[in-house]
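Take a look at the letters that make up each chain.
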Amino acid sequence: MIPKIRDALRATFRSGLTRPLAWRQHQLYQLARMAQNERELICHALKKDLGKPRTEVLMAEVGHIVERAVKSAEQLPEWAKTKYLDVPDWQKSWNPAIFKAPRGTVLIISPWNYPMTLSFQPLIGAIAAGCTAVLKPSELIPTFSQLLEEIVPKYLDPNMCRVVNGGVPEITKLLELQWDHIFYTGNGKVARIIASAAAQHLTPMTLELGGKSPVIIDSAYDIDLAAKRILWGKCNNAGQICVAPDYVLVQREKQDELVKAFQKHYNAFFPEGALDSPLFGSIVSDLHHKRLTSLLSRTKGEVVLRGRADAARKRLEPTIVKDVAHGDSLLEEEIFGPILPIVPVDSLNQAINFVNARHHPLVLYAFSDNESTKQRLVSETQSGGIVFNDTLQQLAVNELPFTGVGESGYGYQCMKHTYDTFTQLRGSIDMPKEAEAHLAMRYPPHSEEAVRALTAPVYTPIPPSRL
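Participant: Quick question: what am I supposed to make of helix H8 (residues 188-199) here?
Facilitator: One turn of the α-helix equals 3.6 residues, which is why residues spaced by three or four share an orientation. For H8, spanning twelve residues, the distance from its first C-alpha to its last is 16 Å, which sits close to the expected 16 Å at 1.5 Å a residue. Every buried residue of H8 is accounted for by Gly188, Ala191, Ile194, Ala197 and Ala198. Here the buried face of H8 lies against strand S3 (105-109), helix H7 (168-176), strand S6 (181-185) and strand S7 (205-208). Backbone nitrogen of Lys189 and a side-chain oxygen of the N-cap are separated by 3.1 Å at the start of H8; the cap is Asn187.

Participant: Would you take a moment to explain the packing of helix H9 (residues 223-235) against helix H10 (residues 255-269) for this structure?
Facilitator: Each pair of packed helices gets described by two things: the angle between the helix axes and the distance between those axes. It is at 8 Å that the axes of H9 and H10 come closest, and there the two elements cross at 55°. By the angle between their axes, H9 is oblique relative to H10. The handedness of the crossing between H9 and H10 comes out as right-handed. Two secondary-structure elements touch here, H9 through Ile223, Asp224, Ala227, Lys228, Ile230, Leu231 and Trp232 and H10 through Glu257, Leu258, Ala261, Phe262, Lys264, His265, Tyr266 and Phe269.

Participant: Explanation requested: the pairing of strand S4 (residues 132-136) in the structure shown.
Facilitator: Regular strands show a simple pattern: their side chains alternate between the two faces of the sheet. Counting buried residues along S4, five of its five residues qualify, which places the element largely inside the surrounding structure. Alternating positions in S4 separate into two faces, Thr132, Val134 and Lys136 on one and Ala133 and Leu135 on the other, with burial throughout. Bridge analysis of S3 against S4 gives five bridges, and the strand direction is parallel. Each residue of the ladder has a partner; that of Val106, found in S4, is Ala133. Taken together, S3, helix H5 (residues 115-129) and S4 form a β-α-β motif whose crossover is right-handed. Relative to strand S5 (residues 161-163), S4 is paired through three bridges, and the arrangement is parallel. Following the sheet pairing, Leu135 is matched in S5 by Val163. Between S4 and its parallel partner S5, the chain crosses via helix H6 (residues 142-155), and the hand of that crossover is right-handed.

Participant: Looking at this model, I keep getting lost on the nonpolar core. Mind explaining?
Facilitator: When a protein is soluble and globular, its nonpolar side chains tend to lie buried together. Counting residues in hydrophobic clusters, the biggest one holds 62 residues, and the most contacted among them are Ile217, Ile230, Val243, Val248, Leu249, Leu258 and Phe262. Examining the composition of this core, we find that six residues originate from one element, H9, more than from any other. Leaving out residues up to four positions away in the same chain, Leu249 has contacts with Val215, Ile216, Ile217, Val343, Val345, Ala351, Phe354 and Val355. Within the second largest apolar cluster, 52 residues are counted, among which are Trp23, Ile141, Leu147 and Tyr419.

Participant: How should I be thinking about the sheet that holds S6 in this particular structure?
Facilitator: By way of backbone hydrogen bonds, the strands of a sheet pair with one another, either parallel or antiparallel. The six strands lie next to each other as S5-S4-S3-S6-S7-S18, forming an open sheet whose pairing is mixed. For this open sheet the edge positions go to S5 and strand S18 (409-410), each flanked by a neighbour on one side alone. Those strands touched by helix H1 (residues 2-15) are S3, S4 and S5, and its axis lies near 150° from that of S4.

Participant: What is the right way to read unusual backbone geometry from this model?
Facilitator: Keep in mind that most residues, glycine aside, have a negative phi and that most peptide bonds are trans. The omega angle of the peptide bond from Pro444 to Pro445 is -5°, so this bond is cis rather than trans. Along the polypeptide, Pro445 turns up in the loop between helix H15 (436-439) and helix H16 (448-454). If you check the backbone angles, Asp323 has positive phi at about 55° while not being a glycine. Take Asp323: its relative accessible area is 36%, and that puts it in the partly exposed class. The phi torsion at Asn389 lies on the positive side, around 65°, for a residue other than glycine. Take Asn389: it is sitting in the loop between strand S16 (385-388) and strand S17 (402-403). Judged by its relative accessible area of 14%, Asn389 falls in the buried class.

Here is what the cut-offs are and how they apply
- Residues numbered from 1 in each chain as written.
- Predicted model: local features only at pLDDT ≥ 70, side-chain atom pairs only at ≥ 80, totals over all residues.
- Heavy atoms only, no water.
- Helix = DSSP H or I, 4+ residues; strand = E, 2+ residues; numbered from the N terminus.
- Expected span 1.5 Å × (residues − 1).
- Buried < 20%, exposed > 50% of the residue type's maximum accessible area, 1.4 Å probe, protein only.
- Contact = heavy atoms within 4.5 Å.
- Polar contact = N/O pair within 3.5 Å; in protein donor to acceptor, adjacent residues only side chain to side chain.
- Axes fitted to C-alpha atoms, helices over the stretch in contact; angles between N-to-C directions.
- Parallel < 35°, antiparallel > 145°, perpendicular 65-115°, else oblique.
- Left-handed = near helix turned anticlockwise from the far one by under 90°.
- Pairing = 2+ DSSP bridges.
- Right-handed = clockwise from strand over helix to strand, strands pointing away.
- Core = buried A, V, L, I, M, F, W, Y, C linked by side-chain atoms within 4.5 Å.

In structure tokens form, the structure reads like this:
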């Protein structure tokens, strides 16, 4: 069945159905209508699968897709324009151009944590580019994944997009096939398996992964405001987001002030605690709940905001741990949950070295009003993104690329960046017959004059320079 789905989508692509811009725009508007019209079913499914608060789903999942599908449709004619190049006068008659061509039939593998956004954000770019696509949602969110299988064909042309559900057998079969691009969002372990399978067909990929995204707090910054913004970022989806603040680096003498600020804002966010709050999500599975509580049980740090746990309901309240040092359990892997370790440092240099000694994160957060400090962080660290004086809010900027580096992935997405991901740039010239007189010197045998002209770039003057 899966090979037949791929073959049918490839036949659609080759038929030219997806090429007209008006057709693509209609599909994008249909996707927006689906998200808008079916929002209550989407909220219900994500509440059942993840315990996600309705407001969070509407804000961070449904709203993003409606807005970005509509804006992509509106901006598509500009994105898709053939680009004619500014070249030297003697090449202008060649009409050098870059055509924007769809890559073909693509595979999108999405995760469980933000399944609406991370399924349809790549699909928006694929549709805009003129591709056909298989969408493989996560088996860890069965209610939502089944809902997609039911509602997607009601809005999107099934000749262009198909949803394939299932677990390891289905994903294995999908990866045996050749695709024109694979877009995977998830973790590094699975990414290596997918990349290995893609390599068998030399399939290009986008990998949106995760990692431990650090927060560096300048001791001169407003500690209370930093704590409020960091805690808000950590509480979204119970910390189960790839760009969640993973650990905090703060000057040692400011650590206790930061702890008190976290406690203050936690009490303001959740006066009765988060365990039973409808505004706080659940952990996705028993396995992940056990993993998180195991990390906590092994930490050598001091728990200063002890979150209650309810394993039966997969609930875990935000937990703050101070005096966490290198080698601690909380620094072993991406936490991906509502636990926030605080690592005290003695200087900005130490904080930068601590970050650089680890895999490049998806995002580096820093709280500072000092421009030289900001410039140092830009120049002396590597990360997919760098965000100053807030957390998560970079995701609301449609024009910013979302990307990783190294262990946190590669490739770009969001609006035009996603369109570009699924677009092949086809360089072109169109040589006129009238150019033959100027091309004559390239044909052998070559005269001395022709050799001088053909080899002239070798003797291009090089300006003097020194350090």
